[in-house]
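Chain and residue survey
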Amino acid sequence: MAQSYVQTAAAPALETLSRHRCFGGWQGYYRHQSREIGLPMRFGVYLPPQAETERVPVLTYLAGLTCNEETFAIKAGAQRLASELGIALVTPDTSPRGTDFPGQADNWDFGIGAGFYVDATEQPWAKHWRMYSYINHELPEVIANGFSVDPERQSIFGHSMGGHGALVSALRNPKRYRSVSAFAPICAPTQCPWGNKAFSGYLGSDKASWRAYDATELVQNQPFHSEILIDQGLDDEFLTEQLHPNLFEKAAVKVGQPVELRLHPGYSHNYYFIQTFMADHLKRHAAALHR
Ligand SMILES: N[C@@H](CCC(=O)N[C@@H](CS)C(=O)NCC(=O)O)C(=O)O
């Protein structure tokens with residue numbers, strides 16, 4: 001059987017949970033002991049057939065509330081085109097798991113499955129809830145060491161809480177990411193109930209510290225180097241209260257940041273919406289990654 005990932009001596013142990021042939025490549029699920037999180041973390045990797053003979057670029061997808069490393073791989077229908085385009089898809093989990101903090105699973109929008117891609121500073125979360133550093137620093141190293149990928153060519157996208165994570169990651173690390181896009185992202189977490197709840201819990205009551213994780217704030221100080229694509233369904237049940245793409249667009253326009261915000265009548269917050277516009281996102285990222 002062809003070996004689709006290369007375990008180097010320098011790489012920390014990577015445990016293969018399962019691998020599945022998919023459009024000529026492999027959809028795999030892996031577990032490793034995370035230095036940032038201090039617990040085992042799982043992630044998915046889709047390697048296109050091109051990875052058998054060359055190092056392929058990496059597109060990371062950050063998922064939303066209640067999701068895990070499998071959600072995108074199962075529901076987004078992205079592998080067929082990723083196979084054609086020759087890009088690897090990396091899908092991290094959405095929070096640490098395996099802690100026993102009181103109330104950690106009582107809410108679907110806070111705690112387990114709701115890491116919000118921040119480095120928590122409040123107790124008890126601060127020790128393990130370090131998803132920002134995990135996504136932007138540790139995981140790219142793990143992927144570069146363990147798989148046939150080119151770490152110099154990376155992009156990022158995501159959905160809802162993951163769209164927020166993708167925008168914040170790209171705006172804070174414009175040199176690392178060649179392109180960024182989002183489906184129904186939480187665009188202004190400091191101004192919506194989901195963000196207020198998560199940031200109060202993870203970052204505390206000093207709202208100044210929240211700004212480092214708010215795309216609408218960040219874009220005003222450090223625009224990204226290329227156009228940002230955002231797709232948003234107009235029948236999205238969370239649009240009015242939680243997502244605020246209009247605030248992000250307004251802030252971006254003010255500083256000359258190119259944004260394409262596409263509003264789609266009839267589409268909701270789910271993976272039927274995501275599937276529908278997936279190809280546009282993959283093609284844009286592939287164009288940046290193969291440049
Ligand atoms: N509370 C609801 C909504 C959660 C929700 O809509 N999560 C979005 C991300 S914010 C999602 O992608 N869910 C997984 C799916 O639709 O398969 C639930 O638990 O189903």
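Quick caveat: nothing in here was measured; it's all calculated off a predicted structure.

This part covers the confidence of the model for the protein chain. Across the protein chain, the average pLDDT comes to 96, with 96% of residues at or above 70. Low confidence marks residues 1-9, where pLDDT is under 50. Its contacts with residues over four positions away, or in another chain, come to 23 contacts.

Structurally, Pro102 is set in the loop between strand E5 (88-92) and helix H3 (131-146). On the basis of relative accessibility, which here comes to 74%, the residue Pro102 falls in the exposed class. Residues Pro102 and Pro49, spaced 53 residues apart in sequence, show a C-alpha to C-alpha distance of 45 Å.

Inspection of every chain in the model, using the stated rule, returns 13 salt bridges. Here Arg262 makes a salt bridge to Asp280, at a shortest N to O gap of 2.7 Å. Note that Arg262 is positioned in strand E9 (residues 259-264) and Asp280 in helix H9 (residues 271-289), a separation of 18 residues in sequence.

What follows deals with the packing of aromatic side chains. Scanning the model with the defined rule gives 24 aromatic pairs in all. Relative to Trp125, the ring of Phe101 lies with its centre 5.4 Å away and its plane at 85°, an arrangement referred to as edge-to-face. Of this pair, Phe101 sits in the loop between E5 and H3 while Trp125 sits in the loop between E5 and H3; the two residues are 24 residues apart in sequence, bridging distant segments of the chain. The exposure class of Trp125 is buried, given its relative accessible area of 7%. Within the aromatic cluster, the residues linked to one another by ring pairs are Tyr61, Phe72, Phe157, Phe183, Tyr267, Phe273 and Phe277. When the ring centre of Trp26 is taken as origin, the NZ or CZ atom of Arg19, which lies over that ring, is 4.1 Å away. For the cation-ring pair, Arg172 lies above Tyr132, with the distance from its terminal atom to the ring centre recorded as 4.1 Å.

Taken together, Gly64, Leu65, Thr66, Cys67, Lys75, Trp108, His159, Ser160, Phe238, His269 and Tyr271 make up the full set of residues near the ligand. A distance of 3.0 Å separates a nitrogen atom of the ligand from a polar backbone atom of Leu65. Isolated, the ligand exposes 490 Å² of accessible area, and the fraction of that covered by the protein chains is 70%. Of the residues that constitute the shell around the ligand, the class distribution is five nonpolar, five polar and one charged.

Tracing the backbone through its elements, the reader meets Glu152 in strand E6 (residues 149-159). We classify Glu152 as exposed; its relative accessible area is 63%.

Another point: helix H4 (residues 161-172). Along its 12 residues, H4 runs 16 Å from first to last C-alpha, staying within 8% of the 16 Å computed at 1.5 Å per residue. With 11 of 12 residues buried, H4 lies mostly within the body of the structure. Taken together, the buried positions of H4 are Met161, Gly162, Gly163, His164, Gly165, Ala166, Leu167, Val168, Ser169, Ala170 and Leu171.

How each quantity is defined
Residues numbered from 1 in each chain as written. Predicted model: local features only at pLDDT ≥ 70, side-chain atom pairs only at ≥ 80, totals over all residues. Heavy atoms only, no water. pLDDT = per-residue confidence, 0-100. Contact = heavy atoms within 4.5 Å. Helix = DSSP H or I, 4+ residues; strand = E, 2+ residues; numbered from the N terminus. Buried < 20%, exposed > 50% of the residue type's maximum accessible area, 1.4 Å probe, protein only. Salt bridge = Lys/Arg side-chain N within 4 Å of Asp/Glu carboxyl O. Phe/Tyr/Trp six-rings, centres within 6.5 Å; stacked < 30°, edge-to-face > 60°. Lys NZ or Arg CZ within 6 Å of the ring centre and 35° of its normal. Near = heavy atom within 4 Å. Polar contact = N/O pair within 3.5 Å; in protein donor to acceptor, adjacent residues only side chain to side chain. Areas by Shrake-Rupley, 256 points an atom, 1.4 Å probe, with all protein chains shown as cover. Nonpolar A, V, L, I, M, F, W, Y, C, P; charged D, E, K, R; others polar. Expected span 1.5 Å × (residues − 1).

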